Amino acid sequence: MQAFDVQVSGAGIVGKSLALSLARLGLSVALRGAPASTAREDVRAYALNAASVDLLQRLKVWDALGAGAATPVHDMVVRGDSASGELEFSAWEQRVGTLAVITDAAALEQELDVALRFAPHVTRVDADVAASLVAHCEGRAAAATLHALDAGFERTDYGQKAIAARLVATLPHRHVARQWFRSPDVLALLPFDRPEAERSYALVWSLPAERADALLAADAAAFETSLGEAVGADVGILRLASERAAWPLVVGGAATWCGPGWVLVGDAAHVVHPLAGQGLNLGLADVAALSAVIAGREPWRGVGDERLLRRYVRQRAAPTWAMTRITDGLLRLFAEPSAPIRELRNNGMSIVNRVAPLKRWLTARALDT
Ligand SMILES: Cc1cc2nc3c(=O)[nH]c(=O)nc-3n(C[C@H](O)[C@H](O)[C@H](O)COP(=O)(O)OP(=O)(O)OC[C@H]3O[C@@H](n4cnc5c(N)ncnc54)[C@H](O)[C@@H]3O)c2cc1C
């Protein structure tokens, strides 16, 4: 007899959500990992899709987020590297309430910690415990674990870094998310209501590592000038409203996602480029799928049964593979400097922009990973 039904290893957003979700099924859960630190807040804001919001609502976390912590996106404009290449998405045209909700990373972590304090079946631990199932949610840091499990993790370094920061603009955001594919960098401005309602953005700017390091080392005024040159005048003048933080960018995944008594969830299983804002959405979709598979198991089947866990892997393999290929393909397409490819991709964007069913298909993929 094991002390716990499940040990969740790694207390990031995916690990915390999984612990809450499994506890709601009546399972006893040991969550290994410290609560979110308030010493250095995560400056990121995540673009969450409808499926992720639905899960967080069911976990009673979403509605507790404070004012301004979640900002709906009604429109999205994607620009290529010429005036002809532009794609526009609107929630109205796609017949959905919102395209995404931009969510404060630090606020979400804190609300998950609060919910965990009140969750009756979750115990926080700081060392491994005896459990029928270990769910590895250690994110990108899972390499050593994956090696020990012989899970065959493959990872390619893009040689890029993503700079994240909060910005305040002189013009209102009007709930429009903007993205520039500017060979070789990709820049996203996500509309946000913190620190200033209606005028803030979360920045995610992916660049070759050397250029990113130079921008991180530049003083605030020089950084703002470079940013202004990159985005043009549409959003007004942008000012930094937080520290800048950076993440090295990789793509990869584990070859094997489960075995007897263990399973991989979130970034521990798959890491994608942030250009489509889908990494956490994939991880939360993993949480929903694994919880549903465990809830629906036969009465005689244990939670660590590999045949049960394979049902979860079968559900998640195809959408994860597709999103990894889409983000990687887009990045490579827009990193290609040659003139014919440039023309082709910009023409391609304007064609997609005019084909409503194709746009609807693309939106549906992004809304439900
Ligand atoms: C700049 C940037 C912007 C992004 N924007 C978006 C977005 O808009 N939308 C979106 O969906 N995704 C986005 N992502 C992706 C998203 O950040 C990740 O997919 C998500 O954070 C993964 O969550 P996780 O809990 O699986 O892993 P992590 O967030 O890495 O959490 C893992 C946790 O495990 C802990 N840990 C590690 N090793 C151990 C161990 N041995 N024992 C115990 N604990 C351990 C770590 O300390 C950490 O707390 C973005 C990523 C970047 C870099």
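A brief report on the enclosed structure follows.

Reading the values: rules and limits
- Residues numbered from 1 in each chain as written.
- Predicted model: local features only at pLDDT ≥ 70, side-chain atom pairs only at ≥ 80, totals over all residues.
- Heavy atoms only, no water.
- Helix = DSSP H or I, 4+ residues; strand = E, 2+ residues; numbered from the N terminus.
- Buried < 20%, exposed > 50% of the residue type's maximum accessible area, 1.4 Å probe, protein only.
- Contact = heavy atoms within 4.5 Å.
- Areas by Shrake-Rupley, 256 points an atom, 1.4 Å probe, with all protein chains shown as cover.
- Salt bridge = Lys/Arg side-chain N within 4 Å of Asp/Glu carboxyl O.
- Pairing = 2+ DSSP bridges.
- Near = heavy atom within 4 Å.
- Polar contact = N/O pair within 3.5 Å; in protein donor to acceptor, adjacent residues only side chain to side chain.
- Nonpolar A, V, L, I, M, F, W, Y, C, P; charged D, E, K, R; others polar.
- Axes fitted to C-alpha atoms, helices over the stretch in contact; angles between N-to-C directions.
- Parallel < 35°, antiparallel > 145°, perpendicular 65-115°, else oblique.
- Left-handed = near helix turned anticlockwise from the far one by under 90°.
- Core = buried A, V, L, I, M, F, W, Y, C linked by side-chain atoms within 4.5 Å.

Moving on to the overall build of the protein chain. Within the protein chain one finds ten helices and 18 strands. Counting every position in the protein chain, which comprises 369 residues, the buried fraction comes to 50%. Counted over contacts in the protein chain with a minimum sequence separation of 6, partners at least 24 positions apart contribute 75%. In the structure as shown, the protein chain presents an accessible area of about 16,400 Å², 56% of it carried by carbon and sulfur atoms.

Take unusual backbone geometry next. In this chain, S183 is followed by P184 through a cis amide linkage whose omega measures 5°. Counting through the fold element by element, P184 comes out in the loop between β11 (176–182) and β12 (185–192). The omega torsion of the bond from R194 to P195 falls at 5°, within 30 degrees of zero and hence cis. With a phi angle near 50°, R174 is a residue other than glycine that sits in the positive phi range. Within the secondary structure layout, R174 lies in the loop between β10 (153–169) and β11. With a phi close to 60°, H175 is a non-glycine residue in the positive phi region. In this structure, H175 sits in the loop between β10 and β11. The exposure class assigned to H175 is buried, which follows from its relative accessible area of 15%.

Under the definition given, this model contains 17 salt bridges. The shortest N-O distance in the salt bridge between D286 and R316 comes to 2.7 Å. Residue D286 is located in helix α7 (residues 279–295), and its partner R316 is located in helix α8 (residues 306–335); the two are separated by 30 residues in the primary sequence. With relative accessibility at 6%, the residue R316 sits in the buried group. For R311, the salt bridge identified is with E298, shortest N-O distance 2.8 Å. Note that R311 is positioned in helix α8 and E298 in the loop between α7 and α8, a separation of 13 residues in sequence.

Counting buried positions over the nine residues of strand β13 (residues 200–208) gives eight, a clear majority of the element. As judged from the nine bridges shared by β10 and β13, these two strands associate in the antiparallel manner. Looking at the pairing, R166 lines up with A202 of β13. Relative to β13, β12 runs antiparallel, the two being bridged by seven bridges. Bridge pairing in β13 links P191 to Y201.

Let us now look at the site of the ligand. What surrounds the ligand is a group of 26 residues, the closest being A47, D267, G279, L280 and N281. One nitrogen or oxygen atom from the main chain of V14 is found 3.1 Å from an oxygen atom belonging to the ligand. The contact in question runs from a nitrogen atom of the ligand to an N or O atom on the backbone of G277, over 3.1 Å. For the ligand, whose free accessible area comes to 1,000 Å², the fraction covered by protein is 79%. Among the secondary structure elements, those contributing two or more residues to the shell around the ligand are α1 (13–23), β3 (45–48) and α7. Partitioning the shell around the ligand into residue classes produces 13 nonpolar, eight polar and five charged.

Bringing the sheet that holds strand β2 (residues 29–32) into the picture now. Pairing between the strands of a sheet comes from backbone hydrogen bonds, and it takes one of two forms, parallel or antiparallel. Reading across the sheet, the six strands line up as β8-β2-β1-β9-β17-β16 and stay open at both edges, with mixed pairing between neighbours. Strand pairing shows two members of the sheet lacking a second neighbour, β8 (122–125) and β16 (258–259), which therefore form its edges. Here strand β9 (residues 131–136) runs beside strand β17 (residues 262–264); their pairing, made up of three bridges, is parallel. Of the residues in β17, the one forming a bridge with A135 is V263.

A few words on the packing of helix α2 (residues 50–58) against α7. Between α2 and α7, whose axes approach to 9 Å, the crossing angle comes to 50°. Comparing the axis directions of α2 and α7 gives the class oblique. Crossing of α2 over α7 shows left-handed handedness. Residues S52, L55 and L56 of α2 pack against N281, L284, V287 and A288 of α7. For the contact of α2 with α7, the per-class residue count stands at five nonpolar, two polar and no charged.

This paragraph deals with the environment of V78. You can see V78 is positioned in strand β5 (residues 75–79). Take V78: its relative accessible area is 7%, and that puts it in the buried class. Residues V78 and A177, spaced 99 residues apart in sequence, show a C-alpha to C-alpha distance of 8.5 Å.

Attention shifts here to the nonpolar core. Membership of the largest hydrophobic core comes to 59 residues, with the highest contact counts inside it found for V8, L18, V263, V265 and Y312. If we ignore the near neighbours within four places in the chain, the residues touching Y312 are W257, V263, L264, V265, D286, A289, L290 and V293. Within the second largest apolar cluster, 24 residues are counted, among which are F89, I102, F181 and A202.

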